[in-house]
Amino acid sequence: MILLTGATGATGRRVLDRLLLRGHRVRCLVRNPARLGTRRVDVQLALWNLTDTRLPGGALRGVETVIHLAGPLGDQPIGHLEELNVTASWRLADAAAAAGVGHFVHVSALGAGEAAGCRFLRAKGTGERVVRGAGTTGGMAVSVVAPSLVLARGQRWASWAQALSLLPIAPVPVRGTPGRSRPVAARDLADALLAVTEGARPPVETPARHEIAGPQEYGVRELLPALQEVVGRPRRTVSLPVPVLRAAVAALERPGAADREALAVLGCDTAGRHGTRDLEALGIHPGGLVESLAG
Ligand SMILES: NC(=O)c1ccc[n+]([C@@H]2O[C@H](COP(=O)([O-])OP(=O)(O)OC[C@H]3O[C@@H](n4cnc5c(N)ncnc54)[C@H](OP(=O)(O)O)[C@@H]3O)[C@@H](O)[C@H]2O)c1
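Everything quoted here is computed from the prediction, not taken from an experiment.

Quick notes on the rules
- Residues numbered from 1 in each chain as written.
- Predicted model: local features only at pLDDT ≥ 70, side-chain atom pairs only at ≥ 80, totals over all residues.
- Heavy atoms only, no water.
- Buried < 20%, exposed > 50% of the residue type's maximum accessible area, 1.4 Å probe, protein only.
- Helix = DSSP H or I, 4+ residues; strand = E, 2+ residues; numbered from the N terminus.
- Pairing = 2+ DSSP bridges.
- Right-handed = clockwise from strand over helix to strand, strands pointing away.
- Axes fitted to C-alpha atoms, helices over the stretch in contact; angles between N-to-C directions.
- Parallel < 35°, antiparallel > 145°, perpendicular 65-115°, else oblique.
- Left-handed = near helix turned anticlockwise from the far one by under 90°.
- Contact = heavy atoms within 4.5 Å.
- Nonpolar A, V, L, I, M, F, W, Y, C, P; charged D, E, K, R; others polar.
- Polar contact = N/O pair within 3.5 Å; in protein donor to acceptor, adjacent residues only side chain to side chain.

Asks: Got a sec to walk through the pairing of strand β5 (residues 103–107)? Specific residues and values, please.
Replies: In terms of burial, β5 is a largely internal element, 5 of the 5 residues being buried. Here β5 shows no split at all, with H103, V105 and V107 on one side and F104 and H106 on the other all buried. Of the pairings in the sheet, the one linking strand β4 (residues 65–68) to β5 comprises 4 bridges and is parallel in character. Bridging from a neighbouring strand, V66 pairs with F104 of β5. Between β4 and its parallel partner β5, the chain crosses via helix α2 (residues 81–98), and the hand of that crossover is right-handed. Two elements, β5 and strand β6 (residues 141–147), share 5 bridges in a ladder whose sense is parallel. Bridged to F104 within β6 is V142. Each parallel crossover has a hand, and for β5 linked through helix α3 (residues 119–138) to β6 it is right-handed.

The structure is reproduced here in structure tokens:
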């Protein structure tokens, strides 16, 4: 049995499809089962939120592997991103080790570290540390899978690129030094997670870390124009009254707090050090922006 969190997300949906195709039995921890669509009849379900202090009863019964994908890029009304990425990961990994789970596959981020320039990457850095600690103390193998920016059709980066292409404003509303990234397709990340889940477990005392990076490296100022090339500019522009246009520009310049954190990731370095080496070692030849946004 595999326990999966984040099954309703861009990567999670693809991971779930692959696990089911391969004949795995899957239990999903979700906050909104309706978002699983028709897949909800093919899995065991338990209602759960990252801020819950306890797992639903029996959530870890018979589980050999946990794939922990839920990890928001920004704050939510119910908790700060640190609680959602660090405390929640520690609780789940600790409970998994105590229940005798053999392998914890933890999704972090490239560039994660306690000295990183944005809160999301600092939280992911601490998250990795506490999950590795829970594994070593509890005798559970841990594999960290760390992607650069994740892309899929409809994913937020592409939507922002499309929205920004409509407006005559600077394309990148982030503070600090422009970062570099190697965007990777959600489907390549899902293939990597399947390969790590089905592959040999690392020794308990030496957790594995896989860098999941796409084939092209971009500076932040090149990335949004490149995305705009792929998602396409609208054929017709709409004429809007000036006050409406001004309000739209203001909304983009002052995104909500959660979006501001997610945008800040664009200004950090998530390119990693090894290019596509780790993906290729898992047997995956990653696609570029066009393939990522195709599906
Ligand atoms: N997106 C990126 O560019 C990027 C970059 C680096 C690392 N990552 C990491 O990669 C992983 C997958 O990213 P993604 O972009 O595929 O994710 P996503 O599409 O944003 O999906 C997030 C998933 O987490 C669930 N979730 C969010 N808040 C939750 C909460 N409070 N309680 C329970 N579940 C909650 C969501 O459930 P709902 O459907 O109910 O919202 C959804 O299933 C995450 O760990 C993320 O941190 C992503």
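Asks: Go over the packing of helix α1 (residues 10–21) against helix α5 (residues 186–198) with me, naming the residues and quoting the values.
Replies: Running from N to C, α1 and α5 point in directions that differ by 45°, and their axes come no closer than 8 Å. Considering their axes alone, α1 and α5 lie oblique with respect to each other. In this structure, α1 meets α5 at a crossing whose hand is right-handed. In this structure, α1 uses A10, T11, R14, V15, R18 and L19 to contact α5, whose residues at the interface are A186, R187, L189, A190, D191, L193 and L194. A class-by-class count of the residues in the contact of α1 with α5 yields 8 nonpolar, 1 polar and 4 charged.

Asks: So, the sheet that holds β4: which residues are in play, and what are the values?
Replies: Overall, parallel pairing links the 7 strands, which are arranged β3-β2-β1-β4-β5-β6-β10 in an open sheet. Bordering the open sheet on either side are β3 (44–47) and β10 (208–212), each of which pairs with just one other strand. Across the sheet, the mean angle separating the axes of adjacent strands is 15° when strand polarity is ignored. For strand β2 (residues 26–30) and β3, the ladder comprises 4 bridges, and the chain directions are parallel. From the neighbouring strand, C28 faces β3, where its bridge partner is L45. Its contacts with the sheet place α2 against β1 (2–5), β2, β4 and β5, and it is angled at close to 170° to β5.

Asks: Describe in detail the environment of Q44, supporting the description with residues and values.
Replies: As for its position among the elements, Q44 is in strand β3. For Q44, a relative accessible area of 36% puts it in the partly exposed group. Linking Q44 and M1, residues 43 residues apart in sequence, is a C-alpha distance of 9.9 Å. Those residues in contact with Q44 that lie beyond four places of it in its chain are M1, R25, V26, R27 and C28. Engagement of the side chain of Q44 in a polar contact is seen with the side chain of R27, the distance being 2.8 Å.

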